[in-house]
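Survey of secondary and tertiary structure
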Amino acid sequence: MTHLRTRAVHAGQKPDPVSGAIATPINQTSAFAYGTLDNGAAIFAGEADGYRYSRFANPTVKSLEDKVADLEGAEAAVAFSSGTAAVSSTVLTLLAPGDEIVFLGPLYGGTESLLNAFGSRFGIHVVDATERGLKASLSPATRLIWVETLTNPTLHLHDPAAVAALARPRGITTVVDNTFCSPCLTRPIEHGIDLVMHSMTKYLGGHGDSTGGILAGVKRLVEPVRTTGLGHVGGNLAPQEAFLLLRGMKTLPLRMAAHCEGAAEVAAFPAMHPAVIATHYPGLPSHPQHALA
Ligand SMILES: *Cc1c(COP(=O)(O)O)cnc(C)c1O
């Protein structure tokens, strides 16, 4: 398979068929011409390829979705205006009143408060499995398990293969927030996880100039999130932002290597300094999950 560094540059992006431009054009448009009424009807019905309206899909955003799907080894991906929009759209699509979502904490603070806020309003049971463990927290009502590969900001690890092994036989859908690892360090789908989510605002974008979120995984789950979560909640990514995130992602593998190198140096330093009480870095042999990392 082509190296991740090469795919980070080329995946999802082809020269523009009209001009030959190698950079993906910013398709700054809300709507699209359908040619004929029949073709428009077929596009709306999902029976013909083509774009109907930028809230659902846009060519620049599609390039970005294809790139992330490629890097994560996913069938499909759907982008959002922020990581939080990805979380809310996923949860509101895949859960109904009476369902249960089980998470292993600590989660990103915004995700945990979002789950708690929506849970109580919409009759979704939110279960924190951090203390009791995942297996003991599952019930027949469990529909979704949510974990982060590497938690923000405490750098606790969750083993995607162990999560998938518990969920698969029970028919429970698994979502991994892979924001902190990026597909350079972990690809949860290769370990049996159904859906991977990112705040592209962080490492994927990498330049601090845009917010974005994405969900990648099997088409059977990603497409309903596009039509329901994205279509009804409306947190679509703008084409300008998609362009910036696409450009940022080309250097992702190079940046992740530099991030890890820098983090290792910073993590090694406090061990020599008496004012530091604790260092949380999975790359250190003293970290309790170093072997898993
Ligand atoms: C930042 C972050 C989010 C939320 O993403 P936004 O783009 O800020 O909405 C979700 N999960 C993790 C792990 C994050 O770091």
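In the block above lies the structure referred to throughout.
These lines cover the structure that appears in this document, whether it is placed above or below. (Residues numbered from 1 in each chain as written. Predicted model: local features only at pLDDT ≥ 70, side-chain atom pairs only at ≥ 80, totals over all residues. Heavy atoms only, no water.)

Quick notes on the overall build of the protein chain
Each helix and strand in the protein chain was counted, giving 11 helices and 7 strands. Expected size for 293 residues packed as a compact globule is a radius of gyration near 19 Å; at 20 Å, the protein chain falls within 12% of this value. Overall, the protein chain is about 70 × 45 × 30 Å in size when its C-alpha atoms are taken along their principal axes. The proportion of buried residues among the 293 residues of the protein chain is 47%. Carbon and sulfur atoms form 58% of the exposed surface of the protein chain, whose accessible area is close to 14200 Å². Taking the average place of the 21 positive charges on the side chains of the protein chain and the average place of its 24 negative ones, the gap between the two points comes to 2 Å. (Helix = DSSP H or I, 4+ residues; strand = E, 2+ residues; numbered from the N terminus. Rg over C-alpha atoms; globule rule 2.2 N^0.38 Å. Buried < 20%, exposed > 50% of the residue type's maximum accessible area, 1.4 Å probe, protein only. Areas by Shrake-Rupley, 256 points an atom, 1.4 Å probe, with all protein chains shown as cover. Lys, Arg positive; Asp, Glu negative; His and termini not counted. Charge placed at Lys NZ, Arg CZ, Asp CG, Glu CD.)

Digging into the site of the ligand
In the neighbourhood of the ligand, the contacting residues comprise Ser82, Gly83, Thr84, Tyr108, Asn152, Asp177, Thr179, Ser199, Thr201, Lys202 and Gly212. Thr84 has a polar side-chain atom sitting 2.6 Å from an oxygen atom of the ligand. When isolated, the ligand has an accessible area of 380 Å², and the protein chains bury 92% of it. Here the residues of the shell around the ligand are counted per class, giving 1 nonpolar, 8 polar and 2 charged. (Near = heavy atom within 4 Å. Polar contact = N/O pair within 3.5 Å; in protein donor to acceptor, adjacent residues only side chain to side chain. Nonpolar A, V, L, I, M, F, W, Y, C, P; charged D, E, K, R; others polar.)

Let's talk about the nonpolar core
Phe80, Ile101, Trp146 and Leu215 are the most contacted members of the largest nonpolar core, which has 25 residues in total. Residue assignment for this core shows that the elements contributing at least two residues are strand E1 (76-80), helix H4 (83-94), strand E2 (100-103), helix H5 (109-122), strand E4 (142-148), strand E6 (195-199) and helix H9 (219-233). Looking at this core, the element that brings in the most residues is H4, giving 5 residues. Leaving out residues up to four positions away in the same chain, Trp146 has contacts with Val87, Thr90, Val91, Ile101, Val102, Phe103, Leu104, Leu107, Thr111, Val175, Asp177 and Met197. Membership of the second largest hydrophobic core comes to 23 residues, among which are Leu204, Leu245, Met249 and Leu252. (Core = buried A, V, L, I, M, F, W, Y, C linked by side-chain atoms within 4.5 Å. Contact = heavy atoms within 4.5 Å.)

Some thoughts on the side chain of Thr60
Inspection of the secondary structure assignment puts Thr60 in helix H3 (residues 59-72). With a relative accessible area of 0%, Thr60 lands in the buried category. Those residues in contact with Thr60 that sit more than four places away from it in its chain are Thr24, Pro25, Ile26, Asn27, Pro239, Ala242, Phe243 and Leu246.

Some remarks on the layout of surface pockets
For the largest pocket, the calculated volume is near 720 Å³. Lining of the largest pocket is provided by 23 residues; of these, Gly50, Ala57, Lys62, Glu223 and Arg226 occupy positions nearest its centre. Those elements that provide at least two residues to the lining of the largest pocket are helix H2 (37-44), H3, E1 and H9. Of the pockets and cavities examined, the second largest pocket occupies roughly 620 Å³. Surrounding the second largest pocket, 22 residues form its lining, Leu150, Cys181, Leu185, Pro282 and Ala293 being those nearest its centre. For the lining of the second largest pocket, the leading source of residues is helix H11 (residues 252-268), giving 4 residues. Residue composition of the lining of the second largest pocket, by class: 15 nonpolar, 6 polar and 1 charged. (1 Å grid on protein atoms, 1.4 Å probe; cavity = no way out; pocket = protein on both sides within 12 Å on 5 of 7 lines; lining within 4 Å. Points joined across faces, edges and corners; volume = space filled by probe spheres on them.)

Things to note about H9
Given a rise of 1.5 Å per residue, 15 residues ought to cover 21 Å, and the 19 Å separating the end C-alpha atoms of H9 matches this to within 8%. A bend of about 30° at Val225 is the largest found in H9. Within H9 the residues assigned to the buried category are Leu221, Val222, Val225, Arg226, Gly229, Leu230 and Gly231. Next to the buried residues of H9 lie H3, E1, H4, strand E5 (173-177), E6 and strand E7 (213-217). Gly234 sits one or two positions beyond H9 and adopts a positive phi of about 85°. (Expected span 1.5 Å × (residues − 1). Bend = angle between axes of the 7 residues up to and from the residue.)

Quick notes on the pairing of E5
Counting buried positions over the 5 residues of E5 gives 5, a clear majority of the element. Both faces of E5 are covered, namely the face carrying Thr173, Val175 and Asp177 and the face carrying Thr174 and Val176. Crossover E4 to E5 through helix H7 (residues 160-167) is right-handed. The sheet contact formed by E5 and E6 spans 3 bridges and is parallel. If you follow Val175 over to E6, its bridge partner there is Leu195. (Right-handed = clockwise from strand over helix to strand, strands pointing away. Pairing = 2+ DSSP bridges.)

Digging into the packing of aromatic side chains
Per the counting criterion, the structure on display carries 4 aromatic pairs. A ring pair is formed by Tyr34 and Phe44, whose centres lie 5.7 Å apart and whose planes are at 90°; its orientation type is edge-to-face. With Tyr34 in the loop between helix H1 (4-10) and H2 and Phe44 in helix H2, this residue pair connects regions lying 10 residues apart in the sequence. Directly above the ring of Phe44 sits Arg52, whose terminal nitrogen or CZ lies 5.7 Å from the centroid. The ring of Phe56 is capped by Arg52, whose NZ or CZ atom sits 3.9 Å from the centre of that ring. (Phe/Tyr/Trp six-rings, centres within 6.5 Å; stacked < 30°, edge-to-face > 60°. Lys NZ or Arg CZ within 6 Å of the ring centre and 35° of its normal.)

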